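What the coordinates show
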Amino acid sequence: MKKFLITILILAFLVGGGALGAYIYRSNKRNSNPVNVYSVSNWLGNYYDMETSLSGNIVLSDEQTVYIERDKIIKEIYATPGDAVKVGDVLLEYDTTQEQLKLNTMIAELAVSETNVKLANNQLAKLQSTTPIPDDSEIPETEAEKRVREADEALQKAQDEAIQPAIDEADAEATALERAENLKDIEADFYELRTERYKAKKAWYDFLGKEMDEEDPDKDKTEEPTEENTEATTEVSTEELTENDRIREETRLKTLFVKADEDYKNASEDYNNATTAFEDAQNKYLEAQKKSEEAQKKVEEAQKKYDEAFEAQQKEYEEQMENPTPVYTESELKRAIRLKNEEIKDLNLSIANQNLAIKRQQNIIDKGKVVSELDGTIQICDISEEAISGGQPAIVVSAEGAYSAKVSVDEFSLDEIQIGDEVTILSYDTGNTYFGKVSKKSEAPTNDSYNYYEYTASSYPVTVVIEGGEDLAEGMWVEVTPSSDFAWDAKANEIVLPLALCKKENGGYYVMKRDGDRLKKQYISTGKIYWGQYIVVKSGLNSGDFIAFPYEKDAVEGKVCKEADLSDLYGY
């Protein structure tokens, strides 16, 4: 027995020592050999768009027609026949009050979402800085989670029990209604035959001069004699009849009564049977209805208990996230971090969708102003109901002999080009340089075969009106360069990271960012990709952050890190 106990103690010591050793090993690994991190300011300044040029060809554009949109209200007309207009001049403006109110609401909702994601990131940082205690078991249910599970099981059971009574109730109701309809017909026949029997008997007794031994069942009803009962109620004077006629008449009246009496008895039996069947069906219906009501009460009670348990669980969860427990087991901490990362990812996705919706709403508002696409003269301005209903253009701008260049712009750069922007146009055919303005951006992407990007992107047609250009001709190939006045200011503080410093996950990108002296996973919002090697970071990082090379073996969350020079990354 002693040997057995000694063996158990040795095994327990070895297992405990192994677990302790593993924990010490993991802790040492997290705190030794710091991973290098590099300042994001090294990749500050986007110079890849500074000399962007767009290829296209020359088209003739000597007229612009504007049609009134019937579902919009015109706020102001700025066009008058004979007026000279330039590219970008407003011709008419629609009322966009409702659209602007909607945009304001969307912007307010975005601000709330951005606040929520900041709060969630702070909570995640607290969780990631927490040191857990070892735990080799699955995370047990909290009391609130247990109550939710039990309440959910009770609710499902109550709902299942309510299904069959509901079916029985419907069947019983249908049966009862059917019996009721049948009983109406039988009841009418029964009362009619009872009346006919009484009339036949009375006619027979009156003929015999006998006193009736029963009351008229319809004594309260006054009814004119009909053709149907005339035969039985016709009074015949017995003094005018011979003995043989009297016997025949008596036999006839008695026969009518006997037949009416037999019909009445048969109808009476059918009526009683139908009445009994109706009462049985009605009782079954009432019983099924009562069971259904009781089952429904059980469902309502179970639903109430489930709602209360779920609310308590949510409250417990919120309290845990706002005031994390100082001590976590490893499994509890992993679960909390996982849930918080999922929450942050969902919030970031929601913010991305909100930004996209705001951009679309802003585009709708921008379309409220119809601008001139040409440098020319207003030939027609007619917004009368007759002209609009007749399909006539409300405004016509003429620019006789004007040329435009049509180019394609990728979706990432489209927002950087605005109506009225000045551009330079170089013609390879004439060798001359011209000036122009952006006059139109298409909403539909193009599928021109000459468009090529080293990354996946759609391209959109953009029209540029050219000043002068009398020596140009349709079909000539040109190169269009936007004015770079905006580029140095707008791009100087933009972060453009090498793709090698980002990892892709679930359709998005993240970097390994320094948080305190540890690494954490940071999701980023991205934009345009240049040459398949560099990507624009729109949010998630700033110039004061430090990031690690994410493909390094030890570049994992929680790992200690240290600042390093960029030369350490590139090895020079």
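Scope of this entry: the structure provided in the associated data block. Model, not experiment: these values are computed from the prediction.

So, about the overall build of the chain. Helices and strands together make up the secondary structure of the chain, namely nine helices and 21 strands. Counting every position in the chain, which comprises 572 residues, the buried fraction comes to 33%. In the chain, once contacts between residues fewer than 6 apart in sequence are set aside, the share between residues at least 24 apart is 78%.

Turning our attention to the pairing of strand β1 (residues 35-39). Regular strands place their side chains on alternate faces of the sheet. Of all five residues that make up β1, four are buried, and the element is covered over most of its length. In this structure, β1 lies alongside strand β21 (residues 561-563), joined through three bridges in parallel fashion. The residue bridging N36 from the neighbouring strand is K562, located in β21. Direction of pairing for β1 relative to strand β20 (residues 546-548): antiparallel, over a ladder of three bridges. Counterpart to S39 in the pairing with β20 is F546.

Turning our attention to a nonpolar patch on the surface. A surface patch of nonpolar side chains, amounting to about 290 Å² of accessible area, comprises L426, Y428 and W477. Relative to the elements of secondary structure, W477 occurs in strand β14 (residues 477-482). Judged by its relative accessible area of 34%, W477 falls in the partly exposed class.

Strand order across the open sheet formed by three strands is β4-β6-β7, with antiparallel pairing between neighbours. In the strand order of this sheet, the two ends are held by β4 (74-77) and β7 (369-371), each with one partner. When strand polarity is set aside, the average angle formed by the axes of neighbouring strands in this sheet is 20°. Looking at chain direction, strand β6 (residues 90-94) and β7 are connected through three bridges and run antiparallel.

Across three bridges, strand β16 (residues 503-505) lies against strand β17 (residues 508-515) in antiparallel orientation. Paired with E505 across the bridge in β17 is G508. Counted between consecutive antiparallel strands, the loop separating β16 from β17 contains two residues, among which N506 sits at a positive phi close to 50°. Bridge count between β17 and strand β18 (residues 518-530): seven bridges; the pairing is antiparallel. Paired with M512 across the two strands is K521, which belongs to β18.

Once that is clear, we can look at the sheet that holds strand β5 (residues 84-85). Two pairing modes exist for strands in a sheet, parallel and antiparallel, and in both the strands are linked by backbone hydrogen bonds. Pairing within the open sheet is antiparallel, and its four strands lie in the order β3-β9-β8-β5. Taken across any chain shown, the strands that pair with only one partner, and hence form the sheet edges, are β3 (63-66) and β5.

Evaluated as defined, the whole model comprises 17 salt bridges. Here R248 makes a salt bridge to D245, at a shortest N to O gap of 2.1 Å. Remark: D245 and R248 occur in helix α5 (residues 243-322); sequence separation between them is three residues, near one turn of the helix. For D245, a relative accessible area of 28% puts it in the partly exposed group. Taking the shortest distance from any N to any O, the salt bridge between E250 and R246 comes out at 3.5 Å. Residue E250 and its partner R246 are both found in helix α5; the two are separated by four residues, about one turn of the helix. On the basis of relative accessibility, which here comes to 24%, the residue E250 falls in the partly exposed class. Several salt bridges share partner residues, and in doing so they unite E243, R246 and E250 into one network.

With that settled, consider helix α2 (residues 97-128). When the terminal C-alpha atoms of α2 are compared, their 47 Å separation across 32 residues agrees well with the 46 Å that a helix rising 1.5 Å per residue should span. Of the residues making up α2, those classed as buried are L103, M106, L110, S113, V117, A120, Q123, L124, L127 and Q128. Along its buried surface, α2 packs onto α5, α6 (330-366), β17 and β18.

With the rule as written, the count across this model stands at two cavities of 30 Å³ or more. Considering only enclosed or pocket space, the second largest cavity measures out at about 60 Å³ in volume. Contributing to the lining of the second largest cavity are N121, L124, N341, I344, N348, K520, K521, Q522 and Y523. Elements supplying a minimum of two residues to the lining of the second largest cavity: α2, α6 and β18. Per-class residue counts for the lining of the second largest cavity are three nonpolar, four polar and two charged.

Our focus in this paragraph is a negative patch on the surface. Together, E143, E150, E316, E318, E319 and E322 make up a negatively charged patch on the protein surface. Elements supplying a minimum of two residues to the negative patch: α3 (143-208) and α5. The element best represented in the negative patch is α5, accounting for four residues. Here E319 lies in helix α5. Note on E319: relative accessible area 43%, which makes it partly exposed.

Glancing now at the environment of I524. Take I524: it is sitting in strand β18. Setting aside residues up to four positions removed in sequence, I524 forms contacts with C502, Y509, Y510, V511, V537, S539, G540 and L541.

Definitions and cut-offs
- Residues numbered from 1 in each chain as written.
- Predicted model: local features only at pLDDT ≥ 70, side-chain atom pairs only at ≥ 80, totals over all residues.
- Heavy atoms only, no water.
- Helix = DSSP H or I, 4+ residues; strand = E, 2+ residues; numbered from the N terminus.
- Buried < 20%, exposed > 50% of the residue type's maximum accessible area, 1.4 Å probe, protein only.
- Contact = heavy atoms within 4.5 Å.
- Pairing = 2+ DSSP bridges.
- Patch = residues over 30% accessible without salt bridge, like charges linked within 9 Å, V, L, I, M, F, W, Y side chains within 5 Å.
- Areas by Shrake-Rupley, 256 points an atom, 1.4 Å probe, with all protein chains shown as cover.
- Salt bridge = Lys/Arg side-chain N within 4 Å of Asp/Glu carboxyl O.
- Axes fitted to C-alpha atoms, helices over the stretch in contact; angles between N-to-C directions.
- Expected span 1.5 Å × (residues − 1).
- 1 Å grid on protein atoms, 1.4 Å probe; cavity = no way out; pocket = protein on both sides within 12 Å on 5 of 7 lines; lining within 4 Å.
- Points joined across faces, edges and corners; volume = space filled by probe spheres on them.
- Nonpolar A, V, L, I, M, F, W, Y, C, P; charged D, E, K, R; others polar.
- Lys, Arg positive; Asp, Glu negative; His and termini not counted.
- Charge placed at Lys NZ, Arg CZ, Asp CG, Glu CD.

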